[in-house]
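A structural walkthrough
One-letter residues, chain by chain:
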Amino acid sequence: MHTPKIRLTNVHKDYISKRDELKVLKDINLYVNKGEFVSIIGPSGCGKSTIFHIITKLEKTYEGIVEIDGEPLEKSKERTGYMHQKDLLMPWRTLIDNVLLPLEIEGKNKKEAKEEVRKYFDVFGLEGFEEAYPNELSGGMRQRGALLRTFLVDSELLLLDEPFGALDAINRSKMQEWLLKIWHQFKRSVLFITHDIEEAIYLSDRIYVLSERPAKVLKEVQIDFERPRKKDIVVTEKFLNYKKILMDSLK
Ligand SMILES: Nc1ncnc2c1ncn2[C@@H]1O[C@H](COP(=O)(O)OP(=O)(O)O)[C@@H](O)[C@H]1O
Ligand SMILES: [Mg+2]
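Keep in mind that this is a model prediction, so the values were computed, not measured. (Residues numbered from 1 in each chain as written. Chains lettered and ligands numbered in written order. Predicted model: local features only at pLDDT ≥ 70, side-chain atom pairs only at ≥ 80, totals over all residues.)

The biggest cluster of nonpolar side chains holds 58 residues, and the ones touching the most others in it are V190 and F192. Among the elements that line this core, the one with the most residues is helix α5 (residues 139–152), at 5 residues. Composition of this core by domain shows at least three residues from each of domain 1 (1–78 + 157–162 + 186–251) and domain 2 (81–154). Here F192 is in contact with F37, V38, S39, L160 and L203, once residues within four sequence places are set aside. (Core = buried A, V, L, I, M, F, W, Y, C linked by C-beta atoms within 7 Å. Buried ≥ 20, exposed ≤ 12 C-beta atoms within 10 Å, placed from the backbone. Helix = DSSP H or I, 4+ residues; strand = E, 2+ residues; numbered from the N terminus. Domains from an automatic or database assignment. Contact = placed C-beta atoms within 7 Å.)

What follows is the structure, given as structure tokens:
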């Protein structure tokens, strides 16, 4: 049996303050195989982002086991590429200076980092905007910039927290196409949070449905559409069936 890229076993999390105790995650079991695209959907406030905070070690207290490549998270040296819902580009840095931040943090020479990063601008649809500031870019471009920065973290695992939540339908659809292309090209493992059922079906190999807080896994659905995904699968009966299964389990 091969080892998954990441596995959570019976992960349990309460936020405890002096005043009260908030039960957030209850026995979460999930995994992502290497190269797999897995989505998490669930009601707002159920604990989805908390799962990412645990994986990225922003949240250190929890019960259960988290393993990366079969190694306990606490021992693992692997950094994870993590993208928040908000793009969080620094307004005072040009796009290229924002994008090369992970390389700068790794201690790379800035001039060399710039050369390395520049070649990706084309693939990410950002060519010609290297020296632009975030406020000069469209919402979609800022998201692509933030995604490029996330991809440049030297990590096989990408955690994307509702990355397209703030985009309009057309830009969102373009970004989905584009994300699949990039994912295919870079062969990363992705854990993707969304509250959009259709987005989850279109992008994923598998989907976990979480319950209201305290979140537990209600359902795991395997999505069998061939890759690369074709846009017209969204109007097939099979797609609607998946949608029904997922909507029913969220009721
Ligand atoms: N650091 C924290 N301290 C206390 N409560 C928190 C903290 N972070 C999140 N919460 C609470 O935990 C619950 C789950 O939050 P979150 O994981 O952000 O949900 P989701 O991403 O599914 O919308 C929410 O009720 C939120 O208010
Ligand atoms: Mg969230």
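The subject of this paragraph is the sheet that holds strand β5 (residues 71–72). Spatial strand order, β2-β1-β4-β5: 4 strands in an open sheet with antiparallel pairing. Edge positions in the open sheet fall to β2 (21–32) and β5, since each of these has one partner strand only. Direction of pairing for strand β4 (residues 63–68) relative to β5: antiparallel, over a ladder of 2 bridges. Within β5, the position partnered with I68 by the bridge is E71. (Pairing = 2+ DSSP bridges.)

Around ligand 1 lies a shell formed by Y15, L22, V24, G42, S44, G45, C46, G47, K48, S49, T50 and R213. Secondary-structure elements contributing two or more residues to the shell around ligand 1 are β2 and α1 (48–55). When the residues that make up the shell around ligand 1 are grouped by side-chain class, the tally is 4 nonpolar, 6 polar and 2 charged. (Near = placed C-beta within 6 Å. Nonpolar A, V, L, I, M, F, W, Y, C, P; charged D, E, K, R; others polar.)

Turning our eyes to something else, we now look at the domain arrangement of the chain. Put simply, an interface is often sized by how much accessible area is lost when its parts join up. Each domain of the chain was delimited in the assignment, giving domain 1 (1–78 + 157–162 + 186–251) and domain 2 (81–154). A separation of 26 Å is found between the C-alpha centroids of domain 1 and domain 2. Contacts between the two partners involve 9 residues from domain 1 and, on the opposite side, 7 residues from domain 2. When the residues that make up the side of domain 1 that touches domain 2 are grouped by side-chain class, the tally is 6 nonpolar, 1 polar and 2 charged.

It is worth spelling out unusual backbone geometry at this point. Cis geometry marks the peptide bond from R213 to P214, where omega comes out at -5°. Relative to the elements of secondary structure, P214 occurs in the loop between β9 (206–210) and β10 (217–222). Across the junction of R227 and P228, the peptide omega takes the value -10°, indicating a cis bond. Within the element layout of this structure, P228 appears in the loop between β10 and α8 (237–250). Look at D69: it is not a glycine, yet its phi comes out positive at around 50°. Mapped onto the fold, D69 is located in the loop between β4 and β5. On the basis of neighbour count, D69 is assigned to the partly exposed category, with 14 C-beta atoms found within 10 Å. In this model, K187 sits at a positive phi of 50°, which is unusual for a non-glycine residue. One can find K187 in the loop between α6 (169–186) and β8 (189–193).

Turning our attention to the environment of K26. Tracing the backbone through its elements, the reader meets K26 in strand β2. Once residues lying within four places of it in the same chain are set aside, the contact partners of K26 are H12, P214, A215 and K216.

Turning our eyes to something else, we now look at the environment of R227. Positionally, R227 belongs in the loop between β10 and α8. Exposure remark for R227: the 10 C-beta atoms within 10 Å place this residue in the exposed category. Along the primary structure R227 and L126 are separated by 101 residues, whereas in three dimensions their C-alpha atoms are 25 Å apart.

What follows concerns α5. Taking 1.5 Å per residue, 14 residues should reach 20 Å; α5 reaches 20 Å between its end C-alpha atoms and fits that length. Judged by how many residues are buried, α5 sits mostly within the fold: 11 of 14 residues are covered. Within α5, burial applies to M141, R142, Q143, R144, G145, A146, L147, L148, R149, T150 and F151. Turning to α5, the residues buried within the fold contact β6 (81–83), α2 (95–99), α3 (101–105), β7 (157–161) and α6. (Expected span 1.5 Å × (residues − 1).)

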